[in-house]
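Take a look at the letters that make up each chain.
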Amino acid sequence: MKYVILHSFLLLLIIGVMDVQSQELPPILNYKPSDYLAGNQNWALTQDKNNIIYIANNDGLLEFNGERWNIYPAPNKSIVRSVLAVDDLVYSGCYMDFGYWEETPERLRKYHSLSDSLGIQLLEDEQFWNILTYQEWVLFQSLNRIYFYNTLNESVRFIESNDIINKMFSLGDEIYYQVLNQGLFSIEKGQGQLLSDAAVFKDDIITSLFEREGQIFVVTRENGIFYLSNNQANVWRISAAETLEKISVYTSLLAQNRNLILGTIANGIYILSPQGDIINHIYQVNGLNDNTALSLFQDANRNIWIGLDNGVDCVNLNTPFSNYTDRNGRIGTVYTAIHKDDFLYLGTNQGLFYRVFNSDQAFQFIEGTEGQVWSLTEIDDTLFCGHNSGTFVVKGTDVQLISKVMGTWGVKRIPNNPNLLLQGNYDGLHILEKQQDNWRLRNKLEGFDIASKHFEISNTNEILVSHEYKGVYRITPSDDFYKLDNYVQLTSVEKGAASGLIKFDGRILYANENGVFYYNDADSTFKKEAKLSTIISEDQYISGAMVAQENDKLWLFTQNYINYVTKDKINNTYQIQKIPIKETLRDQMRGYENIASISENTYLLGTSSGYLLMDLEPEAENTYAVSINSIVAGTSAEDAKAINFQRGMFKPNQNYIQFHFGVPIYQKYLQTEYQYRLLKDGVGDWVDWTSKAAVAFQNLGYGNYAFEVKAKVNNRSQANPASYSFEVDKPWYVTNVAIMFYVLGGILLFFAINTLYSSYFKKQSERLLAQRTRELKLKELESQKEIIQLKNESLNQDISARNRELAVSTMSTIKKNEALNSIKVALKKIPSSKEVENVVKLIDETMNDIKDWKYFEEAFNSADKNFFKKVKEKHPELTANDLRLCVYLRLNLSSKEIAPLLNISTRSVEIKRYRLRKKIDLNKEVKLNDYFMNL
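Summarised in this report is the structure supplied together with it. These numbers were taken from a predicted model, which means no experiment stands behind them.

Rules used in this analysis
- Residues numbered from 1 in each chain as written.
- Predicted model: local features only at pLDDT ≥ 70, side-chain atom pairs only at ≥ 80, totals over all residues.
- Heavy atoms only, no water.
- Helix = DSSP H or I, 4+ residues; strand = E, 2+ residues; numbered from the N terminus.
- Rg over C-alpha atoms; globule rule 2.2 N^0.38 Å.
- Buried < 20%, exposed > 50% of the residue type's maximum accessible area, 1.4 Å probe, protein only.
- Contact = heavy atoms within 4.5 Å.
- Areas by Shrake-Rupley, 256 points an atom, 1.4 Å probe, with all protein chains shown as cover.
- Lys, Arg positive; Asp, Glu negative; His and termini not counted.
- Charge placed at Lys NZ, Arg CZ, Asp CG, Glu CD.
- Pairing = 2+ DSSP bridges.
- Axes fitted to C-alpha atoms, helices over the stretch in contact; angles between N-to-C directions.
- Parallel < 35°, antiparallel > 145°, perpendicular 65-115°, else oblique.
- Nonpolar A, V, L, I, M, F, W, Y, C, P; charged D, E, K, R; others polar.
- 1 Å grid on protein atoms, 1.4 Å probe; cavity = no way out; pocket = protein on both sides within 12 Å on 5 of 7 lines; lining within 4 Å.
- Points joined across faces, edges and corners; volume = space filled by probe spheres on them.
- Phe/Tyr/Trp six-rings, centres within 6.5 Å; stacked < 30°, edge-to-face > 60°.
- Lys NZ or Arg CZ within 6 Å of the ring centre and 35° of its normal.

Now for the overall build of the protein. Along the backbone of the protein there are 15 helices and 65 strands. A compact globule built from 935 residues should have a C-alpha radius of gyration of about 30 Å, whereas the protein, at 62 Å, is more than 25% larger. The principal-axis extents of the C-alpha atoms in the protein amount to approximately 205 × 100 × 70 Å. Of all 935 residues assigned to the protein, the portion counted as buried reaches 49%. Partitioning the contacts of the protein with sequence separation of at least 6, the portion at a separation of at least 24 is 47%. Counting only carbon and sulfur atoms, one obtains 48% of the accessible surface of the protein, whose full area is about 47600 Å². Looking at charge distribution, the protein has the averaged site of its 97 positive side-chain charges lying 21 Å from that of its 112 negative ones.

Moving on: the sheet that holds strand E29 (residues 321-325). Within a sheet, adjacent strands bond to each other through the backbone by hydrogen bonds, running parallel or antiparallel. Strand order across the open sheet formed by four strands is E29-E56-E55-E54, with antiparallel pairing between neighbours. The sheet is open, and its two borders are formed by E29 and strand E54 (595-599), each paired with just one other strand. Looking at each pair of strands side by side, their axes are set apart by 25° on average, direction ignored. In terms of strand pairing, strand E55 (residues 602-607) meets strand E56 (residues 610-615) through six bridges, oriented antiparallel.

Turning our attention to the packing of helix H12 (residues 880-890) against helix H14 (residues 906-920). With their axes 11 Å apart at the nearest point, H12 and H14 run at an angle of 100° to one another. Compared by their axis directions, H12 and H14 come out roughly perpendicular. Taken together, the residues of H14 that come into contact with H12 (itself represented by Asn-881, Asp-882, Leu-885, Cys-886 and Leu-889) are Lys-912, Arg-913, Leu-916 and Lys-919. When grouped by side-chain class, the residues that make up the contact of H12 with H14 number four nonpolar, one polar and four charged.

One pass over the full model with this rule turns up one cavity of 30 Å³ or more. Counted as a void, the largest cavity has a volume near 40 Å³. Taken together, Ala-511, Ile-536, Tyr-541, Ser-543, Gly-544, Ala-545, Leu-556, Phe-557 and Thr-558 make up the full set of residues lining the largest cavity. At the level of elements, strand E50 (541-549) and strand E51 (553-558) are the ones that each hand at least two residues to the lining of the largest cavity.

Excluding glycine, residues mostly have negative phi values, and the peptide bonds linking residues are mostly trans. Even without glycine at this site, Arg-107 takes up a positive phi of about 60°. Tracing the sequence through the fold places Arg-107 in the loop between strand E8 (97-103) and strand E9 (109-113). By relative accessible area, which is 34% here, Arg-107 ends up partly exposed. At Lys-189, a position not held by glycine, the phi torsion is positive, near 55°. Tracing the sequence through the fold places Lys-189 in the loop between strand E16 (183-188) and strand E17 (191-196).

Attention shifts here to the packing of aromatic side chains. In the structure shown here, the tally under the stated rule is 65 aromatic pairs. Ring plane angle 85° and centroid distance 5.1 Å describe the contact between Phe-448 and Tyr-487, whose orientation is recorded as edge-to-face. Taken together, the residues span a long stretch of sequence, with Phe-448 in the loop between strand E41 (438-444) and strand E42 (454-457) and Tyr-487 in strand E45 (residues 484-489) at a distance of 39 residues. On the basis of relative accessible area, Phe-448 is assigned to the buried category, the value being 1%. Residue Tyr-487 is classed as partly exposed on the basis of its relative accessible area, which comes to 36%. Among the aromatic residues, ring-to-ring pairing joins Phe-645, Phe-650, Phe-659, Phe-661, Tyr-674, Tyr-676, Phe-697, Tyr-705, Phe-707, Tyr-724 and Phe-726 into one connected group. Here the guanidinium or amino end of Arg-442 rests over the ring plane of Tyr-482, the centre of that ring lying 3.7 Å away. Here Lys-710 stacks its cationic end above the ring of Trp-686, 4.3 Å away from the centre of that ring.

So this is what it looks like as structure tokens:
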């Protein structure tokens, strides 16, 4: 029994999951706490006149402009429970406080407490869970009071209840509120008036009121939906009633299209039609961040915002797109799709699936089709399935394998042969033949074994096959298509990765990264198709895959766009339309992009996890305004702070200026791009379009600037650019005062330099004069030196002359004395006589003549003035004769030469020399002559 119960539960769970997976849901934007960097829980949402979203968050007031999030903590750091934007103000309520947030000149929000400024005595632990506006009044609701704040005269009054006030509601021109244990009240003349005390209104929590066909409908948490008739509660009997009994509704909202949105505890949200049928059930399994919806809000573009217990989601109801997401991987990647009869078929890498068209039934798997499906093609009301296992014919929910040749890429008609079809396989080309209303494999075109993923038949019955790694081949088959006459590789186009080949508008087209080419039957070459090639040249190439739909539309896929081509019915030219959906959002398998028309203006794009539905019905063009949201400036990015928009003046040291801008768009498949420029003195160029919503400038020079930014949404330019004019102030060193100081300083500097130069030149002149004087003195000294040198040379010459004279005199005396001595010797040999003796006597007198000595002494003193002085100072004991001997010794005369001068014998001279040595105490080793010569 336990096994049966468990099995039944699992079966119901699987059926429930499959039911969820069968839904095609609107696009959803998921914002996690890690995205907005604030608390998990989000209690209320609102939108101001500039389309900025404000959220009551656990960490404060959360602001989102479509590009950036800001968080403003409550002054008392408590949880913000309620929020409402009215005109330029954003009102909020939190723990023990309510008030409003006003925009500052920096375009931030600053809080003003009304409860404090008005001196309101709040109840203990009072929190404000709801805010409404009525004419000039703003109403703040806590669990026991409703405060009425008059915005004109700033007066306050309140309604108080002993029981819990659950919630208040605005419906038309009326204000209602629920008091638990009492019922539903309306406000009349500032007081509560009991409207209905039905048991369900006293016991259950009312989440919302809405009006339908003149009646008030009441959504309760646990008991479903009721309507009031004569103030009595009546159950609204709808198809969703059974579901509502099983869920707990925490919040609800009547959308502009009259659909009812129910936010539940643990079950995500339900979308009900005006008749009460469940249109969608969206929760964590198929798209939401969390299953508990704390708040709901519909913005100006009819998006539904969900404040969750863990994050924020935005459901794009007003969009031509919807998603089918296979989150459990049962279906896989969709490679092809087709709508035939009453079924929608999906060919995937898991097999072939189907469901009844325009139903919410789960997709069913067709047995026997396990594996890769490559194509689904309808020919003459027969649906062919190209499969990895071969070729199937699909009839309703059954299939028949008609060809077991592995890997059928596709099947195409053969012109003028209604009973023959050409199919491309992994190993070449094969022929299918119709016999007795049944199709079978007839033959292979022998001789061509190249994989034929892309193939077409030309107007001359030639077959063109494109192989992305080998190139394009032209094949000429026999008339009966049993064999090949020949095949050649075409050189007029290059091979290319993910290239494609298709037939459209009677021409075979080939696409690769170089463009789109058409096949010219006349000369069997490809030529470039200029108009279609712009599709690839204007956006980044990702794939040459093309899809042609019965000469209606040709589809091509680039990085940022889905492109489709039609023929103008008047001038027969190609018209190109671009749908701006990036490849990352499309999530298609590159090289296998596919799109199928499943109804008028509705197209299915296969993705790697399901498919995307797209409605090409022209929609009203919305106008979006770009705005500059904030400007931060500082010396660097690290210390940059928000600046006053009204100031328009930046300091010179604010070298870092960053602009944040954006368009408040909250739709998944709307692509916004920005272009900006910075003008200086009216001159500046626009930069290329970018998806970044911020730009920083550094090291701007002083002067007048204007920053301009414009936007385009889905490649459509929006309103006039937003601009901000500002001035970067001159640094102090280029101000007028500084310039005046520079001029004065320049003048002073000129005089100072002039003075310094004058002083310098004066000193230089003095230095030059002194140097010149020194040079003159040096020259004078040199002249004097030369004169002295000349005098010395003259004196030396005089001394030399005197010495020569002395030497000549001495030698003369010596010779004279020698001659007289010879005469004396000769006379002595003569017999003595008085005459002879007189002559001898005369000779002796002549040889000892004092006058000769006097003359010699004077001559010697002139030649050597200090010799006598030195000798007398050193040897005072010497006699005149000793001095005379000393003179002769200084003249380096020998004893033999001295003897005639002293008129004594040589022996006597030697004796004198000996005695003189003794007197002066001369060392024996020193020669006497040397001593006096060196004295």
